[in-house]
Amino acid sequence: MKKWMLVLFVALFVLPCSLDAEAAGRKKKGKNAVTAKVAEKKSAYDKLFQKKSCETVKSNFITLHKVDGKLYFEIPVKYLGREMLFASTLTSTSSNDFCDVGYKQNDPLHVRFTKIDSTIYLNEVNAFVTSNPKEPSLRKAIDKNFADAVLYSYKIAAYTPDSTAVVIDVTPIFTTDMKEFAFLPTTIMGLIQLNSVFNKDGVALGEVKAFDDNLSVKSMLSYKVSLKFMSFSFLDNMPLTATVTRSLLLLPEEKMRPRISDSRVGIFITSKQHVSTEKDGIQDYTLANRWRMEPKDMAAFQRGGTCGTRETDRVLY
């Protein structure tokens, strides 16, 4: 083949193929760049919850997100530091020989969420000691000696797009054997020793609900139960499964007026201690646990008329 024919062949056939390959490469590179740019724009919040498996329950209090076996709290920043009640109730059980359905084995926890840097802390509020509000210096001393205790900590997983709320993974609160909410006794009639071993393989999150001032989460927990009397074992690793409902209630900022208890009236009480410069030492006293029933119209109430009550404020302290 002559030299000029060879050059013509290359020009007609090889060069167009090279150009097509180069153009395809540029197109693919451009497409990848656009995809990467879109991925960059997707926030951590979107990455967590833009999934088909995500179940979201919105509320004005705390929004719940259940996704891939995990539970996330979306806590508005305005509620950080607010006081709440955290409680657990047994909803169902595979054996009622050791626990009672509908019963709270432990008192609710008085808690609040706080933020330090990139971590959210669940604190148990220390409200055991009170003082005269007219003595601020004494209050400062009490705050230093009776600070809130940290129960758990959570890394902030994301912020909402408008940065008004933080997102934390709270799955362990509902899928582990929290000692604060244990519902199985350690002994029966003070004689029989009950040993329960948590079975982490028999755990599942259930129904989640959220409202304007409270939320509830159901979860299935499983145990292996053994009974022993002195050195004799008569029940070994019996499987027990229970459903518990754990609820979180936002307490009102305007606290109700406390009422000193009366020993002549059979009611539940809360113990307190009062520190004051007016008397030496610490004074012990108890408050009556009661429903918050207040008139809607105070003026009508004082006139002796019908005024109704604020149903939303019927909170038991």
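Definitions and cut-offs
Residues numbered from 1 in each chain as written. Predicted model: local features only at pLDDT ≥ 70, side-chain atom pairs only at ≥ 80, totals over all residues. Heavy atoms only, no water. Helix = DSSP H or I, 4+ residues; strand = E, 2+ residues; numbered from the N terminus. Buried < 20%, exposed > 50% of the residue type's maximum accessible area, 1.4 Å probe, protein only. Areas by Shrake-Rupley, 256 points an atom, 1.4 Å probe, with all protein chains shown as cover. Salt bridge = Lys/Arg side-chain N within 4 Å of Asp/Glu carboxyl O. Phe/Tyr/Trp six-rings, centres within 6.5 Å; stacked < 30°, edge-to-face > 60°.

Caption draft 1: The arrangement of the overall build of the protein in detail. Looking only at helices and strands, the protein has five helices and 16 strands in total. Each of the 317 residues in the protein was classed as buried or not, and the buried ones make up 33%. About 20700 Å² of surface is accessible on the protein, with carbon and sulfur atoms providing 56% of the total.

Caption draft 2: Spatial organisation of the environment of Ile 192. Its location among the elements puts Ile 192 in strand E11 (residues 192-198). Taking relative accessible area as the criterion, Ile 192 reaches 17% and is therefore assigned buried.

Caption draft 3: Highlighting the pattern of salt bridges. What the rule picks out here adds up to ten salt bridges. For Arg 292, the salt bridge goes to Glu 294, with nearest N and O atoms at 3.0 Å. Arg 292 gets classed as buried once you look at its relative accessible area, which sits at 2%.

Caption draft 4: View of the packing of aromatic side chains. Evaluation of the coordinates by the stated rule reveals nine aromatic pairs. Between Phe 183 and Tyr 223 the ring centres are 5.6 Å apart and the planes differ by 90 degrees, which places this aromatic pair in the edge-to-face class. In this pair, Phe 183 is assigned in the loop between helix H4 (171-175) and strand E10 (187-188) and Tyr 223 in strand E13 (residues 214-229), connecting sequence segments 40 residues apart. Side by side, Phe 183 and Tyr 223 carry an identical accessibility label, which is buried. By way of ring pairs, the aromatic residues Phe 73, Phe 86, Phe 113, Phe 174 and Phe 181 are connected into one cluster.

Caption draft 5: Expanded view of the environment of Pro 161. Its location among the elements puts Pro 161 in the loop between strand E8 (149-159) and strand E9 (165-169). Separated by 118 residues in the primary sequence, Pro 161 and Ser 43 place their C-alpha atoms 7.8 Å from one another.

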